[in-house]
Amino acid sequence: MEGMIINQAPKILVVEDEVKIVEVVKSYLENSGYTVCTAYSGREALDKFAAEDPALVVLDLMLPDLTGEEVCQALRQRSRVPIIMLTAKVEEEDILRGLKIGADDYVTKPFSPRQLVARIQAILRRAEDRTALLASLLSFNGGELTIDTMTYEVKRDGQLVNLTPNEYKLLVTLAKHPNKTFTREELIEIGLGEEFSGYDRTIDSHIKNIRHKIEPNPKNPKYILTVYGIGYRFGGEKRGDQ
Ligand code: CA
């Protein structure tokens, strides 16, 4: 999924045993452009979560089998998915406990579906911002090479590397598509945004310079690999989420 642009409507899992509430929430969410899947018990919620991989969970506190708290804790063991608790209890203590076990927000019953939708939108926006922030940092080989596409900083072993704008653009183009071999023509057009004008070896000298700046051993490169007869490919390995 990484690097893909997701245009699908975010999927919301609604967990609630009161059919009427489920129907109302479902129709409001669908009218707001979300896809909705439902569960009427705690165990069904865990099954649906695994099968549907929702972007957010609306979780009722009072369920027939497991409690909402137990479901919340079980979800937290496997995921950081945003969770909004629905609770009939207005006591502050219950609300605080709900947040402590890992819920992101809570809504007390009776609630306005419109307000619930607004909360969901706000939480999903925050989650998207976080993802974008994480996605702006490319890290390779256990953090040996990092590229921050927000600040345009490239570091090797934590040390800032000075790249020219063209070198930076080429490196980012390659690093963002680690499995793709780029021809020189593609690197000029996609990487540098310039028109390709026939036989051109300027890319080669850019690559040579980048290698001298980022490769531990420029003679035996591991980040920018030559694909003979074709062009270049990125060889850095993404590991963990450093
Ligand atoms: Ca209930």
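Description of the structure in this document. Along each chain, residue indices are assigned from 1 in the same order as the chain's sequence is written. Note on the predicted model: pLDDT of at least 70 is required for a residue's local features to be given, and 80 or more for side-chain atom pairs to be given and counted; whole-chain, interface and lining totals, by contrast, use all residues. Computation of side-chain values: all heavy atoms of the structure, hydrogens and water removed.

1. Quick notes on the sheet that holds strand β2 (residues 35-39)
Let me state the cut-off plainly: Paired strands are those between which DSSP finds at least two bridges. Helical segments are the DSSP runs of H or I of at least four residues, strand segments are the runs of E of at least two, and each set is numbered from the N terminus. A fitted line through C-alpha atoms serves as each axis, taken over the contacting stretch for helices, and the angle formed by two N-to-C directions is quoted from 0 to 180°. Pairs of residues are marked as contacts when any of their non-hydrogen atoms sit within 4.5 Å.
Taken together, five strands build an open sheet; the order of strands is β2-β1-β3-β4-β5 and the sheet is parallel. Two strands lie at the open edges of the sheet, namely β2 and β5 (105-108), each paired on one side alone. Within this sheet the neighbouring strands show an average axis-to-axis angle of 20 degrees, counted without direction. Pairing geometry for strand β4 (residues 83-87) and β5, over four bridges, is parallel. Following the sheet pairing, T87 is matched in β5 by T108. Seen against the sheet, helix α1 (residues 19-31) touches β1 (11-15) and β2 and runs at an angle of roughly 165 degrees to β2. Across the sheet, helix α2 (residues 42-52) lies against β1, β2 and β3 (56-60), angled at about 145 degrees from β2, the strand it touches most.

2. What to know about unusual backbone geometry
We count it as follows: Here the term buried applies to any residue with accessible area under 20% of the maximum for its type, exposed to any over 50%, and partly exposed to those in between, with areas from a 1.4 Å probe on protein chains only.
In this model, K109 is joined to P110 through a cis peptide bond whose omega is -5 degrees. With respect to the helices and strands, P110 occurs in the loop between β5 and α5 (113-135). Of note in this structure, D157 is not a glycine but carries a positive phi near 50 degrees. When you line up the elements, D157 lands in the loop between β8 (153-156) and β9 (159-161). A residue is classified by how much of its surface remains accessible, and D157, at 49% relative accessible area, is partly exposed.

3. Thoughts on the side chain of E69
Position of E69 among the secondary structure elements: in helix α3 (residues 68-78). Here E69 is in contact with L61, M85, R97 and I101, once residues within four sequence places are set aside.

4. What to know about the packing of α2 against α3
Just so we agree on the cut-off: Angle categories are assigned with fixed cut-offs, so that under 35 degrees is roughly parallel, over 145 is roughly antiparallel, 65 to 115 is roughly perpendicular, and the rest are oblique. Crossing chirality is assigned from the near helix's rotation relative to the far helix, an anticlockwise turn below a right angle marking it left-handed and a clockwise turn marking it right-handed.
It is at 10 Å that the axes of α2 and α3 come closest, and there the two elements cross at 20 degrees. Here α2 is positioned roughly parallel relative to α3, judged by the angle of their axes. Remark: the crossing between α2 and α3 carries right-handed chirality. Counted together, G42, A45, L46 and F49 of α2 and V71, A74, L75 and R78 of α3 form the full contact between these two elements.

5. Remarks on the state of the cysteines
By definition, a disulfide links the sulfur atoms of two cysteine residues through a covalent bond. Selection criterion: The disulfide criterion used throughout: a pair of cysteine sulfur atoms within 2.5 Å.
Here the structure, examined in full by the defined rule, presents zero disulfides. Here C37 is not disulfide-linked; the sulfur of C72 is the nearest cysteine sulfur, at 16 Å.

6. Quick word on the pairing of β3
Consecutive residues of a regular strand have side chains that alternate between opposite faces of the sheet. Short version of the rule: Handedness of a crossover is defined as follows: orient the strands so they point away from the viewer, and if the path from the first strand over the helix to the second runs clockwise, the crossover is right-handed.
Counting buried positions along β3 yields five of five residues, so the element is predominantly enclosed. Of the two faces of β3, the one carrying L56, V58 and D60 and the one carrying V57 and L59 are both buried. Note that β1 and β3 share four bridges and pair parallel. Paired with V15 across the two strands is L59, which belongs to β3. In terms of strand pairing, β3 meets β4 through four bridges, oriented parallel. The residue of β4 that forms the bridge with D60 is L86. Handedness of the β3-α3-β4 crossover: right-handed.

7. Digging into the coordination of the calcium ion
How we decide: In this description, a donor is an N, O or S atom within 2.8 Å of the metal centre, a cutoff extended to 3.2 Å for sodium, potassium and calcium. Water is not part of the atom list, which can make sites seem incomplete.
Around the calcium ion, the donor atoms from the protein are E16 (OE), D17 (OD), D60 (OD) and M62 (O), and they sit 2.1 to 2.9 Å away. Mapped onto the sequence, the donors of the calcium ion take the spacing E-D-x42-D-x1-M. For D60, a relative accessible area of 2% corresponds to the buried category.

Function cannot be inferred from these measures alone, as they are strictly geometric.
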